[in-house]
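Observations on the model geometry
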Amino acid sequence: LPYGAAAKASGARAFGGDDKSLADAKRATLETLPSDKITLVTPGPGSFDEFLQVALTTASAAGVLLFSDKPSPPPLLRALSLEFDGKLGFAMLGKELAPQFSVQKVPAVALVFPAAGEQPKDGKLPLQVLPYDARRGGGFTFPSIAAFLDDFYEQRMAQLGSYPDGEGGAGG
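Report on the accompanying structure.

Calculation notes
Residues numbered from 1 in each chain as written. Predicted model: local features only at pLDDT ≥ 70, side-chain atom pairs only at ≥ 80, totals over all residues. Heavy atoms only, no water. 1 Å grid on protein atoms, 1.4 Å probe; cavity = no way out; pocket = protein on both sides within 12 Å on 5 of 7 lines; lining within 4 Å. Points joined across faces, edges and corners; volume = space filled by probe spheres on them. Helix = DSSP H or I, 4+ residues; strand = E, 2+ residues; numbered from the N terminus. Nonpolar A, V, L, I, M, F, W, Y, C, P; charged D, E, K, R; others polar. Phe/Tyr/Trp six-rings, centres within 6.5 Å; stacked < 30°, edge-to-face > 60°. Buried < 20%, exposed > 50% of the residue type's maximum accessible area, 1.4 Å probe, protein only.

The space that makes up the largest pocket amounts to roughly 360 Å³. Lys105, Pro107, Ala108, Tyr132 and Asp133 are the residues nearest the centre of the largest pocket, which is lined by 14 residues in total. Elements with a contribution of two residues or more to the lining of the largest pocket: strand 4 (108-114) and helix 4 (134-137). When the residues that make up the lining of the largest pocket are grouped by side-chain class, the tally is nine nonpolar, two polar and three charged.

What follows deals with the packing of aromatic side chains. Applying the stated criterion across every chain, the model contains five aromatic pairs. Ring centres 5.3 Å apart and planes at 55 degrees place the aromatic pair Phe48 and Phe101 in the tilted group. Linking Phe48 in helix 2 (residues 47-55) with Phe101 in the loop between strand 3 (89-94) and strand 4, this pair joins segments that are 53 residues apart in sequence. Both residues of the pair, Phe48 and Phe101, belong to the buried class. Summarising the aromatic geometry, the rings of Phe67 and Phe101 are spaced 5.5 Å apart at their centres and angled 50 degrees between planes, so their arrangement reads as tilted. On the criterion of sequence distance, the pair formed by Phe67 in strand 2 (residues 63-68) and Phe101 in the loop between strand 3 and strand 4 is long-range, its members being 34 residues apart. In this structure, Phe67 and Phe101 share a single accessibility class: buried. These aromatic residues form a ring-pair network of at least three members: Phe48, Phe51, Phe67 and Phe101.

In structure tokens form, the structure reads like this:
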């Protein structure tokens, strides 16, 4: 089912049953995924801080960073942002910001969250960065990255001692 503005598009498009048509149908479907849950972080003051404020309001008080050389969020990130809506914040950063997070090459995914037990210094919250290792995690695919994020989310919620109603934890 199409999301967002694409949902209002009129007219259906027919796809055949061959491999090329199936690939075209998949691509067309992925392009309808919304990007409104993703903050585009730009170089300069304030942009990352704005994202962090949003990410800290999620259930896990954590955010997912995608470092990319693309101008807009790819379908993979849009799909992940829908899957983890309300659980994690999502941001896309250009490759020029990667070195600030010890990221060597793009694309790359990392989690960012407040460092446990540390107090703000000079008005800044100390952060931990947990990179996704595609070689050990199973590749740069939705199932692999989603499993990484889900594992983190479960551990983070246990650490925080709280789960949203009906989710995980003791007896959940």
